[in-house]
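# Notes for the structure review
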Amino acid sequence: MAKSRPLHWQEPTTENCPQCNGSGEWRGMFGTGPCAMCDGTGLVGEDGEALPAHESQPILRRQRDRLAKELEGARQHYRQLLHTPGVREALAAEQERQQERQRDEDMAHRKRLRGG
Ligand SMILES: [Zn+2]
């Protein structure tokens, strides 16, 4: 009997690329580019080799779709929050506090630099 293709595509076991730590980005001294070890996907197979495009593409597409969905969910949540009375004011106040803290830290840092 001929070997039949599995009905469902099996997602291959993948690991984060050890070269770029799964970022897919190569950082050199003079710039960045796609990681050569994983073809810029950030993923390698169990054997440590870059995945063939027909395997990495569906994974990446699903990752992207999932991220887009999460982002949209977060946006909706944020929009709802902004319509809650008092939230805008609280956000503005928090922002101000953060800026103040940042200023204080900057000043303390500069003082330390001057040896004070
Ligand atoms: Zn890589």
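Residues numbered from 1 in each chain as written. Predicted model: local features only at pLDDT ≥ 70, side-chain atom pairs only at ≥ 80, totals over all residues. Heavy atoms only, no water.

## Quick word on the coordination of the zinc ion
Six octahedral donors around a metal ideally make angles of 90 or 180 degrees; four tetrahedral donors ideally make 109.5 degrees. Basically, it comes down to this: Each metal's donors are the N, O and S atoms found within 2.8 Å of it, except that Na, K and Ca use a 3.2 Å limit; water is left out, so coordination can look incomplete. A four-donor site is called tetrahedral if each angle lies between 85 and 135 degrees; a four-donor site is square planar, and a six-donor site octahedral, when trans pairs exceed 155 degrees and the remaining angles lie between 65 and 115; all other cases are labelled irregular. A run of H or I in DSSP counts as a helix once it spans at least four residues, and a run of E counts as a strand once it spans at least two, with each numbered from the N terminus.
Within the protein, Cys17 (SG), Cys20 (SG), Cys35 (SG) and Cys38 (SG) serve as the donor atoms for the zinc ion, at 2.2 to 2.3 Å. Every donor counted, the four donor atoms about the zinc ion form angles of 102 to 117° at the centre, which fits tetrahedral coordination. In the primary structure, the donors to the zinc ion are separated according to the pattern C-x2-C-x14-C-x2-C. One end of the pair, Cys17, is in the loop between strand 1 (14-16) and strand 2 (25-27); the other, Cys38, is in the loop between strand 3 (32-34) and strand 4 (43-45), and 21 residues separate them in sequence.

## Topic: unusual backbone geometry
Here is the rule we go by: Only protein chains enter the accessibility calculation, which uses a 1.4 Å probe. A residue is then buried if its area is under 20% of the maximum for its type, exposed if over 50%, and partly exposed in between.
In this structure, Asn21 takes a positive phi of about 60° despite not being glycine. With respect to the secondary-structure elements, Asn21 resides in the loop between strand 1 and strand 2. The exposure class of Asn21 is exposed, given its relative accessible area of 66%. A positive phi angle, near 60°, is found at Asp39, a position not held by glycine.

## Details of the domain arrangement of the protein
Accessible area lost upon the coming together of the parts serves often as the stated size of an interface. Test applied: All domain edges in this entry derive from an automatic or database-based domain assignment. Working rule for contacts: check all heavy atoms of both residues, and any pair within 4.5 Å makes them a contact. Here's the idea: put two parts together, see how much 1.4 Å probe accessible area each one loses, and the total over both is what we call buried area. Think of a salt bridge as a Lys or Arg side-chain nitrogen and an Asp or Glu carboxyl oxygen that are within 4 Å of each other. All residues other than Ala, Val, Leu, Ile, Met, Phe, Trp, Tyr, Cys, Pro, Asp, Glu, Lys and Arg, Gly among them, are scored as polar; the first ten of these are nonpolar and the last four charged.
One can read the domain layout of the protein as domain 1 (13-83) and domain 2 (84-116). Measuring from the centre of the C-alpha atoms in domain 1 to the corresponding centre in domain 2 gives 34 Å. At the junction of the two partners, domain 1 supplies five residues and domain 2 supplies five residues. Summed over both partners, the interface of domain 1 with domain 2 comes to about 420 Å²; 50% of that surface belongs to carbon and sulfur atoms. Counting the surface domain 1 buries against domain 2, the share from its top three residues, Leu81, Leu82 and His83, is 88%. Counting across the domain 1 and domain 2 interface gives zero salt bridges. Classifying every residue of the side of domain 1 that touches domain 2 by side-chain character gives three nonpolar, two polar and no charged.

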